[in-house]
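# Examination of the molecular architecture
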Amino acid sequence: MRAVVYEGPRQVSVKEVPDARIERPTDVLVRITTTNICGSDLHMYEGRTDFEPGRWFGHENMGQVIEVGDGVDKVQVGDYVVLPFNIACGHCKNCERGLTNYCLTAQPEPSWAGAAYGFADMGPWAGGQAELLRVPWGDFNCLRLGEDAQERQADYVMLADIFPTGYHATELAGVKPGDQTVIYGAGPVGLMAALSATIRGAGKVMVVDRHPDRLRLAESIGAIAIDDSKVDPVQAVLDQTMGLGADNGCECVGYQAHDPAGEEHPNLTMNRLVASVRFTGKIGNVGVFVPQDPGASDELAKQGKLAFDYGTFWFKGQHIGSGQAPVKRYNRQLRDLIAGGKAEPSFIVSHELPLDRAPEAYDHFDKRDDGWTKVVLHP
Ligand code: NAD
Ligand code: ZN
């Protein structure tokens, strides 16, 4: 089968790899129809991790089931399914508590959190930017889709990661009807957080970024765009909220945050959130901060230690939630919002390309080139 293989920093190629196949009775084999490039793939693509050359990417996957193991009861050949990026066994201590993002069985290294397809430090699992994918514990890890799955792939594939992740950010931030919510980052995850805040009934959603194309997408769903290359984003949020600050905020950038003013700071967005959110407000952080960031320019950040403004955070009595999203917790409801015509997460899709064009897509998406917001690949 063909797959998007990591060759080294900023180098991928599409080439033949061994076919995925059923290995255990609980496995399901999926022919991938749709697989996305994610901001999270860039941690590996940019060479910031120890992802081994020769492995392949892909954790935002959907497709059609072509074979099931003898121990699979629910999923059937022919089903269209979307695969939550968290791989989980369904019956360890964490899975039973709904913490499928921290499954103890699928992740062989107890010092690392959770497991995913085609990911550094998240278990040995192969990725789905390929023609075939082996899904372990298939009954648990496949979300079955309805009859409109084939026509609406660009919507449903977002259930694998970024729609539930954006929703999780708003859940951690406690977004309620009427709230004024600020979101840092208008990448795919930030835009999904903006959509989720709107679904939850936020009265005002403000989105901070500096890419005009991404800010336009935020405006297209009714959010207020704040361009931090032109204005001080904290002041802009205070101006929008009668000087009080937003009720809550979402961090959807992570350790790759840049400051357009050039005063780079390893924890820029978190500190700006502390300043933008009101006293006692909540912050949901889904942008990735890693225990080590060897590529960082700052010594502290190299060790994953961030200069977080804890004093102001404490003084304001704020709360914070963080970590990987437990996709399964939300994806049925979000699937049914899509099916019911109440949510169209595909509004962020800028390109639908054949798998063979993945190398150029990675290059453009990594450079945040104008108009390259979200790439959907079809093997
Ligand atoms: P992305 O890199 O395409 O988007 C990030 C956006 O943030 C870009 O548009 C960039 O211009 C903007 N940005 C950079 N610095 C900023 C700043 N100082 N202020 C405001 N905006 C700034 O990536 P994405 O796909 O949207 O992913 C975003 C983050 O979410 C990544 O860290 C990714 O790994 C993470 N993520 C987490 C989970 C989870 O489960 N927690 C799941 C998926 C993705
Ligand atoms: Zn992703």
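Residues numbered from 1 in each chain as written. Chains lettered and ligands numbered in written order. Predicted model: local features only at pLDDT ≥ 70, side-chain atom pairs only at ≥ 80, totals over all residues. Heavy atoms only, no water.

## Things to note about the overall build of the protein chain
Inclusion rule: Secondary structure follows DSSP: runs of H or I at least 4 residues long count as helices, runs of E at least 2 residues long count as strands, and numbering of each begins at the N terminus. Relative accessibility decides the category of a residue: with a 1.4 Å probe and only protein chains considered, values under 20% of the type maximum give buried, values over 50% give exposed, and everything between is partly exposed. Contacts between residues were defined by any pair of non-hydrogen atoms, one from each residue, lying within 4.5 Å. Surface accessibility follows the Shrake-Rupley procedure with a 1.4 Å probe radius. Residue values consider only the protein chains on display as shielding. The charge count treats Lys and Arg as positive and Asp and Glu as negative. His and the chain ends do not count. Throughout, a charge is located at the NZ atom of Lys, the CZ atom of Arg, the CG atom of Asp or the CD atom of Glu.
Broken down by element type, the protein chain carries 13 helices and 15 strands. Overall size of the protein chain, expressed as C-alpha extent along the three principal axes, is 60 × 45 × 40 Å. Counting all 379 residues of the protein chain, 57% fall into the buried class. Across the protein chain, contacts joining residues at least 24 apart in sequence account for 72% of those joining residues at least 6 apart. If you sum the accessible surface of the protein chain, you get close to 15,400 Å²; carbon and sulfur atoms cover 51% of it. Charged side chains in the protein chain number 36 positive and 51 negative. The centres of these two groups are separated by 4 Å.

## Quick notes on the site of ligand 1
Here is the rule: When we say a residue is near a molecule or strand, we mean one of its heavy atoms is within 4 Å of it. Contacts described as polar in this section are N or O atom pairs within 3.5 Å, which, within protein, must combine one atom able to donate a hydrogen with one able to accept it, while residues neighboring in sequence count only if both atoms come from side chains. Each residue gets one of three labels, nonpolar for Ala, Val, Leu, Ile, Met, Phe, Trp, Tyr, Cys and Pro, charged for Asp, Glu, Lys and Arg, and polar for the others, Gly among them.
Ser-40, His-43, Asp-209, His-258 and Arg-368 are the nearest of the 31 residues found near ligand 1. Contact distances for ligand 1 include 2.7 Å between an oxygen atom and a side-chain N or O atom of His-43. Contact distances for ligand 1 include 2.8 Å between an oxygen atom and a side-chain N or O atom of Arg-214. Calculation on ligand 1 without its partners gives an accessible area of 860 Å², and the protein chains cover 97% of this total. Every element with two or more residues in the shell around ligand 1 is listed here: helix 1 (39-45), helix 6 (188-199), strand 9 (204-209) and helix 9 (268-276). No other element matches helix 1, which puts three residues into the shell around ligand 1. Each residue belonging to the shell around ligand 1 can be placed in one class, and the counts come to 13 nonpolar, twelve polar and six charged.

## A closer look at the nonpolar core
Condition: As used here, the term nonpolar core means buried Ala, Val, Leu, Ile, Met, Phe, Trp, Tyr and Cys residues forming a set that is joined through side-chain atoms within 4.5 Å. Segmentation into domains, and thus their bounds, comes from an automatic or database assignment.
Leu-145, Leu-159, Phe-163, Ile-183, Val-205 and Val-207 are the most contacted members of the largest nonpolar core, which totals 42 residues. When residues of this core are traced back to their parent elements, those giving at least two are strand 5 (80-83), helix 5 (162-172), helix 6, strand 9, helix 7 (212-220) and helix 12 (327-339). In terms of residue count, helix 6 provides more of this core than any other element does, seven residues in total. Viewed by domain, this core spans two of them, domain 1 (2-161 + 326-378) and domain 2 (165-322), each represented by three or more residues. Discounting chain neighbours no more than four positions away, the residues touching Leu-159 are Val-82, Leu-143, Leu-145, Pro-164, Val-327, Asn-331, Leu-334, Arg-335 and Ile-338. In terms of nonpolar packing, the next biggest core, distinct from the first, is built from 25 residues, Val-12, Ile-37, Leu-42 and Phe-51 among them.

## Regarding the packing of aromatic side chains
Let me state the cut-off plainly: Note on aromatic pairs: the rings of Phe, Tyr and Trp (six-membered ring only in Trp) are paired at centre separations within 6.5 Å, and the planes decide the class, stacked below 30 degrees, edge-to-face beyond 60, tilted for the rest.
Evaluation of the coordinates by the stated rule reveals eleven aromatic pairs. Measuring from ring centre to ring centre gives 5.1 Å for Phe-51 and Phe-57, while their planes differ by 20°; the resulting arrangement is stacked. Taking the relative accessible area as the measure of exposure, Phe-57 reaches 0% and is therefore buried. Centroid distance Phe-308 to Phe-313: 5.4 Å. Interplanar angle 55°. Geometry classified as tilted. The exposure class assigned to Phe-308 is partly exposed, which follows from its relative accessible area of 25%. What makes Phe-313 buried here is its relative accessible area of 8%. Within the aromatic cluster, the residues linked to one another by ring pairs are Tyr-6, Tyr-45, Phe-51, Phe-57 and Tyr-362.

## Details of the coordination of the zinc ion (ligand 2)
Note the cut-off: Note: metal donors comprise N, O and S atoms at 2.8 Å or less from the metal (3.2 Å for Na, K and Ca); water molecules are not included, so apparent gaps in a site are possible. Under the classification used here, a metal with four donors is tetrahedral if each angle lies between 85 and 135 degrees, square planar if opposite donors are over 155 degrees apart and the others between 65 and 115, a six-donor metal meeting that same test is octahedral, and anything else is irregular.
Cys-38 (SG), His-59 (NE2), Glu-60 (OE) and Asp-161 (OD) make up the full set of protein donors to the zinc ion (ligand 2), lying at 1.9 to 2.2 Å. In this structure, the zinc ion (ligand 2) is surrounded by four donor atoms whose angles at the metal cover 90 to 133°, and the resulting shape is tetrahedral. Within one chain, the residues donating to the zinc ion (ligand 2) are spaced in sequence as C-x20-H-E-x100-D. Here Cys-38 is found in the loop between strand 3 (28-36) and helix 1, whereas its partner His-59 is found in the loop between helix 1 and strand 4 (61-68), with 21 residues between them in sequence. With respect to burial, Cys-38 and His-59 carry one shared label: buried.

## Some details on a nonpolar patch on the surface
Test applied: Surface patches are drawn from residues lacking salt bridges whose relative accessible area is over 30%; two like charges belong together within 9 Å, two nonpolar side chains (Val, Leu, Ile, Met, Phe, Trp, Tyr) within 5 Å. What counts as a salt bridge is simple: a side-chain nitrogen of Lys or Arg found within 4 Å of a carboxyl oxygen of Asp or Glu.
Nonpolar side chains collect at one region of the surface, where Phe-279, Tyr-310, Trp-314 and Phe-315 lie side by side and expose about 550 Å² of accessible area between them. A per-element tally of the nonpolar patch places helix 11 (residues 310-315) first, with three residues.

## Some points on the domain arrangement of the protein chain
In plain terms, the rule: Once two parts are joined, some of their accessible surface, as seen by a 1.4 Å probe, is lost; buried area is that loss totalled over both.
Domain boundaries assigned for the protein chain yield domain 1 (2-161 + 326-378) and domain 2 (165-322). Listed by partner, the interface residues are 24 residues for domain 1 and 21 residues for domain 2. With both sides pooled, the region where domain 1 packs onto domain 2 buries about 2,100 Å², and carbon together with sulfur makes up 61% of that total. Interface area lost by domain 1 to domain 2 is led by Arg-48, Tyr-330 and Phe-347, which between them contribute 32%. Put simply, domain 1 and domain 2 have six residue pairs in polar contact (both at pLDDT 80 or more) between them. Those elements that place two or more of their residues in the side of domain 1 that touches domain 2 are helix 1 and helix 12. Among the residues making up the side of domain 1 that touches domain 2, the classes are represented as 13 nonpolar, three polar and eight charged.

## Looking at the pairing of strand 5
Rules: Pairing between two strands requires that DSSP report at least two bridges joining them.
A two-sided burial pattern is seen for strand 5, the buried positions comprising Tyr-80 and Val-82 on one face and Val-81 and Leu-83 on the other. Direction of pairing for strand 4 relative to strand 5: antiparallel, over a ladder of four bridges. Paired with Asn-61 across the bridge in strand 5 is Leu-83. Here strand 5 runs beside strand 7 (residues 143-144); their pairing, made up of two bridges, is antiparallel. Directly across from Val-82, in strand 7, lies its bridge partner Leu-143.

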